[in-house]
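Letter by letter, the chains look like this.
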Amino acid sequence: MTPYFSYQQDQLCVDDLPLVDIAQRYGTPCYVYSHAALTAAYREFAEAFKSREHLICYAVKANPSLAILNLFARLGAGFDIVSGGELQRVLAAGGAANKVVFSGVGKSAAEMKLALEAEILCFNVESAAELERLNEVAGSLGRVAPISLRVNPNVDAKTHPYISTGLKKNKFGVAYDEARALYRRAAALPNIRVTGMDCHIGSQLTEVSPFVAAAEKVLALADQLAEDGIVLEHLDLGGGLGICYNDETPPSIAEYAQALLAALAGRSERLIFEPGRRLVGNAGVLLTTIEYLKQGEEKSFALVDAAMNDLMRPALYDAYHAIQPVVSRSDVATAIYEVVGPVCETGDFIGHDRELAVAAGDVLAVMSAGAYGMSMSSNYNTRPRAAEVLVREGEAHLIRERETVRSLYANERVV
Ligand SMILES: *Cc1c(COP(=O)(O)O)cnc(C)c1O
């Protein structure tokens, strides 16, 4: 657990504010984020790399809430986007287009146009076909597109296969052995300007060594490009630094920075990073109320009002999130529960085999839910998406209203 969410006597609090009060005021399910935790995570990252010119491009998809984007923009962050929609969000939140890098394997011509007109910092190009299309789109607008190639260093990130992206078999990036030739092609295209190199090998990495291995391959390729007369202004080393959900021991940001800075000693390129999860994951919780306790034939169930549509990570990756009562109690017996939602899928669980002393009506906090929680939520089972609250200096602010059912079918027609 982070120091930003902690018990004061029997109450789980954020900034001295009991989470149970937030649940009462805004209802559940409800995401709650700590302004102090978000700020501290960003500052820790910036501090660790302060000896080098760098730009931290927060990966919007981890949590795209306008209030969170605005918070990072005020701290000086840039943004890593993966869609035109995310670019519009960044701009709406007050982010600067000239600090935006655009990743993703399937950029449409319309998205390219949007990003070119906004004058973003860099397109992270992931294939030969994308490079040609970008050149055409830029040409039709009379513009020149700044690009990096996202190279696939074929490094094992040693993470969950669904979030490992830097292996030869993955769909991401340009094959390492083909990148040099594609850079030469890029350098020859009239509406493309080569500015950097990019790699991102996966998410929730808990070791430093794959990052260093990837950086070394990036540097080796950058040296080959220099022989070809292609000089890079920046190196984008991606995101992916993991957090502690349960018993993982990811490197500290300082350890990660130290290892990378050692590998990059003597280089003059500006550095770009694309952290997502590390900046927001431990800064948020999902509050949910127990509707019923149910004794099954083999298991006891705590049926809660949050479900896989609110927090998909357990169903998708069998991910672990700690679950804490927001008011701890000693007047009921502890039991082992399956913490499950109301959605009609056996995969709809929040946690397996959790030891809890709880009763119906109690509120639980699903911890470390700030990243890939709200952003992956859906309306499955016609469930309106949760409210979001940001707590700053002890005060709760509603940053996203709970959806209404009406809004869910507002764009539908019967025939
Ligand atoms: C998702 C993603 C990130 C962020 O990954 P985290 O593990 O959340 O840090 C960064 N860059 C790219 C290209 C991504 O797709």
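Because the structure is predicted, anything quoted here is derived from the model rather than measured. Counting from 1, residues in each chain are numbered in the order their sequence is written. Per-residue local features of the predicted model are confined to residues with pLDDT of at least 70, and side-chain atom pairs are confined, for both listing and counting, to 80 or more; whole-chain, interface and lining totals are unaffected and use all residues. With hydrogens and water stripped out, all remaining heavy atoms of the structure feed into the side-chain values.

### Here we look at the overall build of the chain
- Each helix and strand in the chain was counted, giving 12 helices and 21 strands.
- With the radius of gyration taken over C-alpha atoms, the globule rule is written as 2.2 Å times the number of residues to the power 0.38. Relative to the 2.2 N^0.38 estimate, which gives 22 Å for 415 residues, the radius of gyration of the chain is 23 Å and therefore close to what a compact globule would have.
- When its C-alpha atoms are laid out on the principal axes, the chain stretches across 75 × 60 × 40 Å.
- Residue exposure (1.4 Å probe, protein chains only): buried if accessible area is under 20% of the type maximum, exposed if over 50%, otherwise partly exposed. Within the chain, the proportion of its 415 residues that are buried is 55%.
- If you take every contact in the chain between residues at least 6 apart in sequence, the share linking residues at least 24 apart comes to 70%.
- A total of about 17,800 Å² of accessible surface is found on the chain, and carbon and sulfur atoms cover 48% of it. Strands are runs of DSSP state E lasting at least 2 residues, helices are runs of H or I lasting at least 4, and numbering of each runs from the N terminus. Every residue pair with non-hydrogen atoms within 4.5 Å of one another is taken to be in contact. The Shrake-Rupley method, run with a 1.4 Å probe, gives the accessible areas here. Residue values count only the displayed protein chains as cover.

### Brief notes about the pattern of salt bridges
- Criterion for a salt bridge: a side-chain nitrogen of Lys or Arg within 4 Å of a carboxyl oxygen of Asp or Glu. Evaluation of the coordinates by the stated rule reveals 20 salt bridges.
- Residue E126 is joined to R150 by a salt bridge in which the shortest nitrogen-to-oxygen separation is 2.9 Å. Note that E126 is positioned in the loop between β8 (122–125) and α6 (128–141) and R150 in strand β9 (residues 145–152), a separation of 24 residues in sequence.
- In this structure E126 comes out as buried when scored by relative accessible area, which is 3%.
- Residue R150 is classed as buried on the basis of its relative accessible area of 6%.
- Linked by salt bridges that have partners in common, R180, R184, E227 and D228 make up one network.

### Let's talk about the site of the ligand
- Looking at the ligand, there are 15 residues lining it, with K61, S203, E274, R277 and Y372 nearest.
- Pairing of N or O atoms within 3.5 Å defines a polar contact, subject to two protein rules: one partner must be a possible hydrogen donor and the other a possible acceptor, and residues neighboring in sequence count only if both atoms are side-chain atoms. At 2.7 Å from an oxygen atom of the ligand is found a side-chain nitrogen or oxygen belonging to K61.
- At a separation of 2.8 Å, an oxygen atom of the ligand approaches a polar backbone atom of G240.
- Taking 390 Å² as the accessible area of the ligand by itself, protein coverage stands at 94%.
- Nonpolar residues are Ala, Val, Leu, Ile, Met, Phe, Trp, Tyr, Cys and Pro. Charged residues are Asp, Glu, Lys and Arg, and all others, Gly as well, are polar. Here the residues of the shell around the ligand are counted per class, giving three nonpolar, seven polar and five charged. A cutoff of 4 Å decides nearness: a residue is near a molecule or strand if any of its heavy atoms lies inside that distance of it.

### With respect to the domain arrangement of the chain
- One can read the domain layout of the chain as domain 1 (5–33 + 281–408) and domain 2 (35–277).
- Each domain's extent is set by a domain assignment, obtained either automatically or from a database. Each of domain 1 and domain 2 has a C-alpha centre, and these two points are 32 Å apart.
- At the junction of the two partners, domain 1 supplies 22 residues and domain 2 supplies 21 residues.
- Of the roughly 1,900 Å² buried where domain 1 meets domain 2, counting both sides, 58% is carbon and sulfur surface.
- Here domain 1 is connected to domain 2 by zero salt bridges.
- Our count for the contact surface shared by domain 1 and domain 2 stands at seven residue pairs in polar contact (both at pLDDT 80 or more).
- Where the side of domain 1 that touches domain 2 is concerned, the elements lending two or more residues are α11 (313–317), β20 (387–392) and β21 (395–400).
- No other element matches β20, which puts four residues into the side of domain 1 that touches domain 2.
- A breakdown of the residues in the side of domain 1 that touches domain 2 according to their chemical character gives 11 nonpolar, six polar and five charged. Summed over both partners, the accessible area (1.4 Å probe) lost when two parts come together is defined as the buried area.

### Topic: the side chain of D305
- Turning to its location among the elements, D305 is positioned in the loop between β15 (300–304) and α11.
- All tallies of charge rest on Lys and Arg as positive and Asp and Glu as negative; His and the ends of each chain are not included. Put simply, D305 is tucked away with no salt bridge, and the nearest opposite charge, on R383, sits 6.3 Å away.
- Looking at D305, its side chain comes within polar contact range of the side chain of T28, at 2.5 Å.
- Beyond its immediate stretch of four places on either side in the chain, D305 contacts T28, P29, T288, T289, E291, D310 and R383.

### What about the packing of α6 against helix α7 (residues 176–188)?
- Each axis is a line fitted through C-alpha atoms, and for a helix only the stretch in contact is used; angles between axes span 0 to 180 degrees, taken between their N-to-C directions. Their axes nearest at 11 Å, the elements α6 and α7 cross at an angle of 5°. It follows from the interaxial angle that α6 and α7 lie roughly parallel. Listed contacts from α7 to A128, L131 and E132 of α6 are L182, R185 and A186.
- Classifying every residue of the contact of α6 with α7 gives four nonpolar, no polar and two charged. An angle below 35 degrees is treated as roughly parallel, one above 145 as roughly antiparallel, one from 65 to 115 as roughly perpendicular, and anything else as oblique.

### Re the environment of G84
- Inspection of the secondary structure puts G84 in helix α4 (residues 84–92).
- Along the backbone, G84 and M112 are 28 residues apart, and their C-alpha atoms lie at a distance of 7.8 Å.

### A word on helix α5 (residues 109–118)
- Every buried residue of α5 is listed here: E111, M112, A115 and L116. Axial view of α5: buried residues confined to an arc of 130°, hence all on one face.
- Its buried side turned inward, α5 meets α4, β7 (100–102), β8, α6 and β9. As used here, the arc belongs to the directions running from the helix axis to the C-beta atoms.

### Some words on the environment of D348
- Positionally, D348 belongs in the loop between β17 (335–340) and β18 (349–356).
- Classification of D348 as buried rests on a relative accessible area of 2%.
- Along the primary structure D348 and A36 are separated by 312 residues, whereas in three dimensions their C-alpha atoms are 32 Å apart.
- Beyond its immediate sequence surroundings of up to four residues, D348 is in contact with A307, M308, V340, G341, P342 and V343.

### Overview of the pairing of strand β13 (residues 270–273)
- The pairing of strand β5 (residues 54–59) with β13 spans three bridges and is parallel. For L55, the partnering residue across the bridge sits in β13 and is I272.
- Taken together, the three bridges between strand β12 (residues 234–236) and β13 define a ladder with parallel strand orientation. The residue of β13 that forms the bridge with L235 is L271.
- Call a crossover right-handed when, viewed with both strands pointing away from you, the route from the first strand across the helix to the second goes clockwise. Of the crossover connections in this fold, the one passing from β12 over helix α9 (residues 253–263) to the parallel β13 is right-handed. Paired strands, as defined in this entry, are two strands with at least two bridges between them according to DSSP.

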